[in-house]
Amino acid sequence: MNVTNPESPQLAGGPSSESSADSHPSHLEHRLLEVFQDVWDNFVDPAEALYDADGARWAVLGSGPSGATASVPFSTERQLAEIREQCRALAASNEFAINGHENRISYVVGSGHAYRVTAKGPNDAAECLAREVQSLLDEFLQSNQWRKRQQEILRRRDRDGEVFLRLFVGTDGMTRLRFVEPSQVATPPRLAGDPSASFGIQTDPDDVETVRGYYVDGAFVEASRIQHRKANVDANVKRGLPLFYPVQKNLRRAEKLLRNMSVVAGIQSAIAIIRKHASGTRSTVQQFVQSQADASLAGAAGGRTSLFQRYAPGTILDAFAGTDYQFPAASIDAARYVAVLQAELRAIAARLVMPEFMLTSDASNANYASTMVAEGPAVRMFERLQHEMIEDDLELFQRVLRSAIDAGRLPPEALAQVDIEGIPPSLAVRDRLKEAQADQILVRYGAMSPQTLALRHGLDAEKEQRWIAGSSRPSR
């Protein structure tokens, strides 16, 4: 690239009246940099309008692969993977995100959901079949460590926006579950142009909600062997969206603000005293500091000497004329930044439909009894999540029973003659006396069974009956 006049006599080798310094390489380099700087200053990025103030690119509206719509911020598997990795990083390192995940698990899953099998008919055969199914279901829950797995299901669903459960049926007819990482579910290169196989999910070409199978590590797995639980997207979107995606910038800002507050306060509090000498020269101030020092330390780098002066507790400073003492730590006003931090955390709590104290662990601005009432938004949200989880669990249990029927462990009529009921832990603030009295009335009038009453209070009805029967026997 020529930035000088090619006809210049100096460059052509002819006589020149200019100084020989103009032909020096450093001068030419300087002129070249000036030209490039002028070009850079006038450059306008055509894509600048597509980014917001935080550097995040806007979602592109328009038609994309099957299962991707304008309602989600991703249209390709690569974009989805980037979003998922960002939210996974928050879930691993951001203290507020971790607290949000853990609190949702504590309230939605709690100590675990209880599941009871009941007979549809009043006959003895149906009751016997119900006990048989209950025994198999209990074995399934125990072999898969269901309470721990249920917590992980919710954690993965919130963190990744989805969770894949793969079912493996043994020769004994028992189903065992294993998690499949979202990154393992991807479209093979040979099917990259097939819209019905986008995002690693093979669907009916005419109905995106009819799933035929999944591509796990490039291999096709039938839909009956994988349960896909997705969140925060419409039914016609193939993959889920992480919980904290809309507020990931708030989480990062809150983390940075808290860090900067701590650093600034640490620096200010580290400087104990500033002495101002109104009429002192540089040399006189240095002499004064040296005379007041209790110790000195010569630095290895640069040869500078650091002087230290110790102030014991209760030290009284006597200032002579011209010396002014200032204490920087006294001017620290952390409340200004705390208000900004609380505003960011409220925005995050609003996304979670949770009281602020559940995200910040600061209960000074809220009362637990007033926020966890039956009509409260948080209780309604948690109840909704509990029912969604129970519906997914019951659908999974249907597959477990069907596999046991195919293996001959249960009779073919098992699915038609029994019902499975899921009972989540209570959320609202409980008045045990009033609750027990209301349950007693329902049992008395036949609206509730004693077994359901026991489950509502965290008891095993059959075990309690055995203990009652054992304690009522006469001693010998």
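No experiment lies behind these values; they were computed from the predicted model shown.

(A) View of the environment of L136. Note that L136 resides in helix α5 (residues 124–143). Sequence spacing of L136 and L410 is 274 residues, and the spatial spacing of their C-alpha atoms is 8.9 Å. Excluding residues that lie within four positions of it along the chain, L136 makes contacts with M174, V400, L401, A404, R409 and L410.

(B) Layout of the environment of V109. Turning to its location among the elements, V109 is positioned in the loop between α4 (95–108) and β1 (114–119). According to the relative accessible area criterion, V109 is buried, its value standing at 0%. Spatially, the C-alpha atoms of V109 and L154 are 8.0 Å apart, while their sequence positions differ by 45 residues. Once residues lying within four places of it in the same chain are set aside, the contact partners of V109 are R104, Q150, Q151, L154, M389 and P425.

(C) Molecular detail of the nonpolar core. In terms of nonpolar packing, the biggest core is built from 58 residues, with F140, W146 and F382 touching the most fellow members. It is helix α12 (residues 377–406) that contributes the most residues to this core, twelve residues altogether.

(D) Structural detail: the packing of aromatic side chains. Under the definition given, this model contains eight aromatic pairs. Geometrically, the ring pair formed by Y107 and F382 is stacked, given 5.0 Å between the ring centres and 0° between the ring planes. Residue Y107 is found in helix α4, and its partner F382 is found in helix α12; the two are separated by 275 residues along the sequence. Accessibility assignment for this pair places Y107 and F382 in one class, buried. Centre to centre, the rings of F164 and Y214 are 5.9 Å apart; their planes meet at 80°, and the pair counts as edge-to-face. You can see F164 sitting in strand β2 (residues 162–169) and its partner Y214 sitting in strand β5 (residues 207–216), a full 50 residues away along the chain. Overall, Y214 belongs to the buried group, its relative accessible area being 5%. One cation-aromatic arrangement involves R156 over F179; the distance from NZ or CZ to the ring centre is 4.5 Å.

(E) Focus on helix α6 (residues 146–160). Helix length check: α6, at 15 residues, gives a terminal C-alpha distance of 20 Å against a target of 21 Å (1.5 Å per residue), a fit within 8%. In the segment just after α6, G161 is the residue with positive phi, at about 85°.

(F) Spotlight on the pattern of salt bridges. Counting across every chain of the model gives 20 salt bridges. One salt bridge in this structure joins E82 and R78, with 3.7 Å as the shortest N-O distance. In this pair, E82 and R78 both sit in helix α3 (residues 77–93), four residues apart, roughly one turn of the helix. The class for E82 is partly exposed, based on a relative accessible area of 41%. A relative accessible area of 64% places R78 in the exposed class. One salt bridge connects R159 with D160, and the closest N-O pair in it is separated by 3.1 Å. Among the residues examined, R159 registers a relative accessible area of 18% and is labelled buried. On the basis of relative accessible area, D160 is assigned to the buried category, the value being 1%. One network of salt bridges, in which partners are shared, links R88, E152, R156, R159, D160 and E181.

(G) Examining unusual backbone geometry more closely. Of note, F199 is a non-glycine position whose phi angle comes to about 60°, a positive value. Along the chain, F199 turns up in the loop between β3 (175–180) and β4 (201–204). One non-glycine residue, D217, lies in positive phi territory at about 55°. By the secondary structure assignment, D217 is in the loop between β5 and β6 (219–222). Overall, the relative accessible area of 57% leaves D217 in the exposed class.

(H) Looking closely at the pairing of strand β7 (residues 226–230). Among the five residues in β7, four count as buried, and that is most of the element. Here β2 runs beside β7; their pairing, made up of five bridges, is antiparallel. Considered in β7, the bridge of V163 is made with R229.

(I) The sheet that holds β7, seen in detail. With antiparallel pairing, the three strands of this open sheet are ordered in space as β3-β2-β7. This sheet does not close on itself; its edge strands, each paired only once, are β3 and β7. Adjacent strand axes in the sheet meet at a mean angle of 25°, parallel and antiparallel pairs treated alike. Against the sheet, α12 contacts β2, β3 and β7, and its axis sits at roughly 175° relative to β7.

(J) Quick look at the packing of α6 against α12. For the pair α6 and α12, interaxial distance at closest approach is 12 Å and the crossing angle is 120°. One element, α6, and the other, α12, form an angle in the oblique class. In terms of crossing hand, the pair formed by α6 and α12 is right-handed. Residues W146, Q150, I153, L154 and R157 of α6 lie in contact with α12, whose contacting residues are L385, E388, M389, D393, L396 and F397.

(K) Just the environment of F199, in detail. Among the residues examined, F199 registers a relative accessible area of 3% and is labelled buried. Between the alpha carbons of F199 and R78 there is a distance of 9.6 Å; along the sequence they are 121 residues apart.

Calculation criteria
Each residue is numbered by its place in its chain's sequence as written, counting from 1. Residue-level local features of this predicted model are given only where pLDDT is at least 70; pairs of side-chain atoms are given and counted only at 80 or more, and the full residue set underlies all totals for whole chains, interfaces and linings. In computing side-chain properties, one takes all heavy atoms of the structure into account and sets aside hydrogens as well as water. Secondary structure follows DSSP: runs of H or I at least 4 residues long count as helices, runs of E at least 2 residues long count as strands, and numbering of each begins at the N terminus. Throughout, a contact is declared for two residues whenever any of their heavy atoms are within 4.5 Å. Throughout this description, buried means an accessible area under 20% of the type-specific maximum (1.4 Å probe, protein chains only), exposed means over 50%, and partly exposed covers the range between. Think of a nonpolar core as a cluster: buried Ala, Val, Leu, Ile, Met, Phe, Trp, Tyr and Cys residues, connected wherever their side-chain atoms sit within 4.5 Å. Stacked, edge-to-face and tilted are the three classes for Phe, Tyr and Trp ring pairs, Trp counted by its six-membered ring, which pair at centre distances within 6.5 Å; planes under 30 degrees apart are stacked, over 60 edge-to-face, the rest tilted. Two conditions define a charge located above a ring, namely a distance within 6 Å from the ring centre to NZ of Lys or CZ of Arg, and an angle within 35 degrees of the ring normal. Each helix should span, by expectation, one fewer than its residue count multiplied by 1.5 Å. Any carboxyl oxygen of Asp or Glu that lies within 4 Å of a side-chain nitrogen of Lys or Arg is treated as forming a salt bridge with it. Should DSSP find at least two bridges between two strands, the strands are regarded as paired. Axis lines are fitted through C-alpha atoms, for helices just across the contact stretch, and the angle between N-to-C directions can take any value from 0 to 180 degrees. Angles are sorted into four bins: roughly parallel if under 35 degrees, roughly antiparallel if over 145, roughly perpendicular if 65 to 115, and oblique for all others. The crossing is said to be left-handed when, going from far helix to near helix, the turn is anticlockwise and less than a right angle, and right-handed when the turn is clockwise.

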